[in-house]
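In case you want the letters, here they are:
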Amino acid sequence: MTQSATAFSSDFEDVTTQHLVRVAGWGVLLIGCSIAMLLALDTPVQTGRVLFNLGAGLVGGLALVLARLRHWRLAAHLLVWGVWLFVTLVAVRNGGVHGPNLLNYPVLIVLAGWMLGGRATVLLTVLTGVLFALFFWADARGWMPQVPEGNTLAYAVYLCGILLLTAAATLLSRRNYLGRVDDAQRTASHLAASEAELRKLLRAVEQSPESVVITDLQGCIEYVNQAYLLRTGYARDEVLGRSSAAFSSNGLAPAQRQGLQETLARGEVWAGEQVNQRKDGTSLAEAVVVAPIRQPDGRISHFVELKQDITERKRAADEIHRLAHYDVLTSLPNRSMLVEHLTGLQVPPGHDGPARVHALLLLDLDRFTTFNDARGSEMGDRLLCAVALRLSQQLPPEGLLVRVAGDEFAIVLHGLGGDMAQAGRNALAFAAQMQAALGQPLRLQGDAAPTQWTASTGITLYPQSGEDAVHDALRRASTALHRAKALGGGQVAFFEREMGQAAELRFRVERELRHAIGAGELRLFLQSQVDVQGQVVGAEVLVRWQHPRDGLVSPAVFIPVAEGSDLIVLLGRWVLEQSCLLLARPAFAGQRVRLSVNLSARQFRQPDFVDELRQMLARSGADPTRLTLEVTEGLVIDDFDDVVAKMHELVALGVEFSLDDFGTGYSSLAYLKRLPIRELKIDRSFVRDASTNADDGALVEAILSVARHFGMRVVAEGVETQAQADYLVAHAPAIVCQGFLFSRPEPQADWLARCAPVDAALNENSH
Ligand code: C2E
Ligand code: MG
Ligand code: MG
């Protein structure tokens, strides 16, 4: 359809009107042409009448063509006004008010009414009225022609046509009218149904057992239902118009809230759980769905929040979780929690770098079955609860204590140090602590006297690799537990036997050494240092441990253990104190003999070390200029400046420094220059092979030349053969030798007796 056609037919979408245009068009065409044809048969032919009727018929035909082209309005106008014009012409010829043509006018007015609307109809009626008035006026004056002799057939056709056209127009209009009435009734009943539906929906929303909140686009509450009010305790006017976030999403974490806003901004539905607050401040767990409400054009106009109270469901889920993961008797986590926890400690795939090492301990109470059988299961339960409490009191904050089954408990210790050996020792120390705790008297309700308990403990480290599975770790711990039980109760066993032994040894040494220092089990041994002439010029103090069970223990066994803890400080203090006392004795007063004492880095780093030594020297009266402190290169690695400062303070007292085991460490000449070192001790590994191995020989010569350059004294340790001594003297005539060739380390009394007989005698007399 063209644009002009659209403009013309804009109010002609009505099908009935289009039918009317068509029916009227055909009616006018047929009636006009038929009458024209019939009149043409008259003799004589009245040409004017024939032409006017034919003209009217053609108007009908033209209207049909326009209708075909969908120019409905134009067709209707043409029909009404065209026919009116031709009818008027015919009527004038047919005698005006006396002619038969007046019937046309009412029909035309009716058609105009249906097809052209009110204004055209009024105009047509007025024009027709004026025309009639003119007819009457002309007739009164006698100006109108006589009604001509008619063609009866044409007249009959005319009357029939008019009747049929009127009937058709009326029936069509009636059909249209009835259709509209029908439509109106349908719309009314539809509206009523919609309203009922709406009321039903409103009631459903209002009475829904779940909270419903409707907000505008800014989140201001426009509607809340009854359930919301009941559940939150607010009154309707307390929430309407206020931001929903103040009531509804106050339980959301900031990230969750952001997610909610972004989802809604995308026009999508957000669903999640919130812990909101009631008006009285109590919390309310809710499953919430927030959805946009769209208008028919797709625009979002509101949001609806649907909230389901899940407080009870959550409580039930928590309870189920508790029952599934906790032991009912002791309230400790149970085996499934242990498995979950251990799974969480596995090395994540793709993890590089050192994994944290944890320990899994399985504890089984000794004699529990006997106790349970003898005293009954109620007392057995009480014992288990008491043991659980005692163990939990020993647990480090990040440890996990689990009741696995019966009288078996598991403990997971986390992050036990960098390496497996260290972790093993820590686990063992903890196991001993647990044993000690269980060993404390335990009084059960209903028991007259307290009892003491022991447990067998199996330990494994976990995870041992990226593939170490939880059930493997449990199996290892269980194997270790069986081993511990087989030892007869109260024992600890490692799954990793070697580690167990090493850790066990270290652990035992540490514990016993701590006791040994206070119990006077340490001994000072001295080893002479001699010059080229074989004169004793000094002695190195070497500590020994007179163990009540194991006899004399070498420092090679216990010094490394002591260095792992504060024990080395206690031990070093004791050695230094004894050495000062020794130095204050007459043996050293008379001769120019020096005493060398080994100093551990940890002891040197004690903030009050300088003061401590100063006081020791003052108390004992020892001559500081006879004291050499042997340090190793490891000492100067960290905090070089602090070390240098401290050394200078001590040098100012008169104390000298010797660099022990020189050549085995970093041997940096740069720091040698800056440190106040008076003496280098060539490590015995070089001394041993210097005379036979060219490399070692070159090294010793290099050390000698460095010492010469810096003006340092050189002591060669570990001289065992004359060849070694000769080699050294040949290269450095001023060298001091220390080694089995001259003397072995000996108890201080023996050394005094040999090297300073006067002093030894004095000493004996004084006792
Ligand atoms: P060190 O300071 O290098 O001591 C020299 C070690 O070599 C001593 O071993 C000594 O007995 C040994 N030795 C001496 N001459 C010979 C020899 O001709 N052949 C052989 N094979 N060995 C010889 P010891 O007494 O077992 O001491 C070992 C280490 O323990 C010492 O090495 C020192 O680092 C440490 N140590 C000993 N006493 C103390 C102490 O009181 N405090 C500290 N912090 N460390 C000490
Ligand atoms: Mg030494
Ligand atoms: Mg040495």
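Caption draft 1: Region of interest: the pairing of strand S16 (residues 656-662). Most of S16 sits out of view: six of its seven residues are buried. Judged from the four bridges that link them, strand S15 (residues 627-631) and S16 form a sheet pairing that is parallel. Bridging from a neighbouring strand, Val631 pairs with Leu659 of S16. Bridge analysis of S16 against strand S17 (residues 679-682) gives three bridges, and the strand direction is parallel. Among the inter-strand pairings, Ser658 is bridged to a residue of S17, identified as Glu679.

Caption draft 2: Local environment of the environment of Glu504. The residue Glu504 is located in helix H17 (residues 497-518) in this model. Glu504 gets classed as partly exposed once you look at its relative accessible area, which sits at 34%. In this structure the C-alpha to C-alpha distance between Glu504 and Val492, which are twelve residues apart in sequence, comes to 9.2 Å.

Caption draft 3: Quick peek at the nonpolar core. With 80 residues, the main nonpolar core has Leu613 and Leu629 as its most contacted residues. The leading source of residues in this core is helix H19 (residues 567-583), at nine residues. With sequence-adjacent residues up to four places away left out, Leu613 is seen in contact with Leu576, Cys580, Leu627, Leu629, Leu650 and Val655. With 44 residues, the next largest nonpolar core counts Val87, Val97, Ala112 and Leu116 among its residues.

Caption draft 4: Expanded view of the coordination of the magnesium ion (ligand 2). Only Glu540 (OE), Asn598 (OD1), Glu630 (OE) and Asp660 (OD) from the protein reach the magnesium ion (ligand 2) as donors, at distances of 2.0 to 2.3 Å. Mapping the donors of the magnesium ion (ligand 2) onto the primary sequence yields the spacing E-x57-N-x31-E-x29-D. A gap of 4.0 Å separates the magnesium ion (ligand 2) and the magnesium ion (ligand 3), which Asp660 links by coordinating each metal. Of this pair, Glu540 sits in strand S12 (residues 536-547) while Asn598 sits in strand S14 (residues 594-598), placing them 58 residues apart in sequence.

Caption draft 5: Structural detail: the pairing of S12. Among the twelve residues of S12, nine are classified as buried, and the element is accordingly described as predominantly covered. Relative to S12, strand S11 (residues 522-530) runs antiparallel, the two being bridged by nine bridges. Among the inter-strand pairings, Val530 is bridged to a residue of S12, identified as Val536. Hairpin remark: S11 followed by S12, antiparallel, with five residues in the connecting loop; positive phi at Gly534, about 85 degrees. Strand direction decides the pairing type here: S12 and S14, joined by four bridges, are parallel. Pairing of Ala539 across the sheet is with Leu595, part of S14. When S12 meets strand S13 (residues 551-553), the two strands line up antiparallel, connected through three bridges. Bridging across to S13, Gln546 finds its partner in Leu552.

Cut-off values and rules
Residues numbered from 1 in each chain as written. Chains lettered and ligands numbered in written order. Predicted model: local features only at pLDDT ≥ 70, side-chain atom pairs only at ≥ 80, totals over all residues. Heavy atoms only, no water. Buried < 20%, exposed > 50% of the residue type's maximum accessible area, 1.4 Å probe, protein only. Helix = DSSP H or I, 4+ residues; strand = E, 2+ residues; numbered from the N terminus. Pairing = 2+ DSSP bridges. Core = buried A, V, L, I, M, F, W, Y, C linked by side-chain atoms within 4.5 Å. Contact = heavy atoms within 4.5 Å. Donors = N, O, S within 2.8 Å, 3.2 Å for Na, K, Ca; no water.

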